[in-house]
Amino acid sequence: MDLIATDLGVARGGVPVLEGVGFVLRPGRALVLRGPNGAGKTTLLRTVAGLQPPLSGRIEGAGERVAYAAHSDGLKAMLTVAENLRFWARVFGTSGIGAALEGFDLTGLSDRLAGTLSAGQKRRLGLARMAVTGRPVWVLDEPTVSLDAGSVTLFAEAVRRHLAAGGSALMATHIDLGLAEAAVLDVAPFRARPGVAAEDEAFL
Ligand SMILES: Nc1ncnc2c1ncn2[C@@H]1O[C@H](COP(=O)(O)OP(=O)(O)OP(=O)(O)O)[C@@H](O)[C@H]1O
């Protein structure tokens, strides 16, 4: 099933940020949002993830199919790495955390309290959570923040495995993940372009 955004408008704090956004994300494909700070990438991702309603337009193929990872990792500090993953597996009705631990190089840290992890290790755990959700559409906001080069490679490999298994990924990132198969959507706030009528804008 495709994830389809049609003529989408999104707002933050009651202020319109983007409009006329359209894309089709097919199974097995990744789409990277690019754009300057404040362009509206996070707002667009939050809308696709269902955390806020669109101002206008339509999103199809999202809802329960989406697993969302934002800036804050949302980890439980007083649970171990393995307990965190088991918790999320239960929430999403899946089982088996071994592949997620291994895929993000967390096996050696599985008994550590999440609250004692370094920033990059926490980020790896937050991303490993995506792998236990069993959901086909990963929506990721700046997934590589705090990650070292080796961890960025692990992450790119995890995304590649997810795509190969028929999943898809929509993500905002400022760095090149080396995912040749990813398409890029340039995001520009319409307010930043005075003189151009909003209805003439195309964001694809
Ligand atoms: N809670 C908020 N209340 C009001 N305005 C907000 C809020 N959060 C963000 N904004 C504004 O909404 C606009 C879009 O922000 P958004 O976070 O979507 O941009 P972004 O493209 O993800 O930026 P970055 O690359 O810096 O993460 C910006 O002008 C920002 O200042």
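Residues numbered from 1 in each chain as written. Predicted model: local features only at pLDDT ≥ 70, side-chain atom pairs only at ≥ 80, totals over all residues.

The name recorded for the chain in an unreviewed UniProt entry is Heme ABC exporter ATP-binding protein CcmA, from Ponticoccus alexandrii.

Visitor: Please set out helix 2 (residues 81–91) residue by residue, giving values where relevant.
Guide: What helix 2 keeps buried is the set Val81, Ala82, Asn84, Leu85 and Trp88. For helix 2, the buried positions fall inside an angular range of 160° around the axis, keeping them on one side. Summarising the geometry of helix 2, the exposed residues directed more than 90 degrees from the buried face are Arg90 and Val91. On its buried face, helix 2 sits against helix 3 (98–103) and helix 4 (119–133). The positive-phi residue at the C-terminal boundary of helix 2 is Gly93, with phi of around 70°. (Buried ≥ 20, exposed ≤ 12 C-beta atoms within 10 Å, placed from the backbone. Helix = DSSP H or I, 4+ residues; strand = E, 2+ residues; numbered from the N terminus. Arc of directions from axis to C-beta. Contact = placed C-beta atoms within 7 Å.)

Visitor: Got a sec to walk through the nonpolar core? Specific residues and values, please.
Guide: Counting 52 residues, the largest nonpolar core has Val48, Leu85, Ala128, Val139 and Leu170 as the members making the most contacts within it. In contact with Leu170, other than residues within four places in its own chain, are Leu3, Leu25, Leu31, Leu45, Val48, Val137 and Val139. (Core = buried A, V, L, I, M, F, W, Y, C linked by C-beta atoms within 7 Å.)

Visitor: I'd like a rundown of unusual backbone geometry, residues and numbers included.
Guide: In the Ramachandran plot, Asp105 falls in the positive-phi region, its phi being about 55° despite a non-glycine side chain. If you trace the backbone, Asp105 turns up in the loop between helix 3 and helix 4. Phi angles above zero are rare outside glycine, and Ser146 is one such case at about 80°. Looking at the element boundaries, Ser146 is found in the loop between strand 6 (137–141) and helix 5 (149–164). Judged by the 15 C-beta atoms lying within 10 Å of it, Ser146 is partly exposed.

Visitor: Before we move on, could you go through the sheet that holds strand 5 (residues 66–69) and cite the residues and values that matter?
Guide: In any sheet, the strands associate via hydrogen bonds between backbone groups, in a parallel or an antiparallel arrangement. Pairing in this open sheet of five strands is parallel, and the strands run 5-6-7-3-8 from one edge to the other. Lying at the two open borders of the sheet, with one neighbouring strand each, are strand 5 and strand 8 (182–186). Neighbour-to-neighbour, the strand axes of the sheet open up by a mean angle of 15°, direction not taken into account. With four bridges connecting them, strand 5 and strand 6 associate as parallel partners. Within the sheet, the bridge partner assigned to Tyr68 lies in strand 6 and is Val139. With respect to the sheet, helix 4 is in contact with strand 5 and strand 6, its orientation differing from that of strand 5 by roughly 170°. Contacts from helix 5 reach strand 3 (30–34), strand 6 and strand 7 (168–172) within the one sheet, and its direction differs from that of strand 7 by about 145°. (Pairing = 2+ DSSP bridges. Axes fitted to C-alpha atoms, helices over the stretch in contact; angles between N-to-C directions.)

Visitor: Mind laying out the pairing of strand 3, listing which residues take part and the relevant values?
Guide: Where strand 3 lies against strand 7, four bridges are found, and the strand directions are parallel. Directly across from Val32, in strand 7, lies its bridge partner Met171. Two elements, strand 3 and strand 8, share five bridges in a ladder whose sense is parallel. Bridged to Leu33 within strand 8 is Leu185.

Visitor: Explain the environment of Val159 residue by residue, including any values.
Guide: Mapped onto the secondary structure, Val159 falls in helix 5. Val159 sits in the buried class, given 24 other C-beta atoms within 10 Å. In the structure, Val159 is positioned 131 residues away from Gly28 in sequence and 9.8 Å away in space, judged by C-alpha atoms. Sequence-distant contacts of Val159, defined by excluding residues within four places in its chain, comprise Ala30, Ala169 and Leu179.

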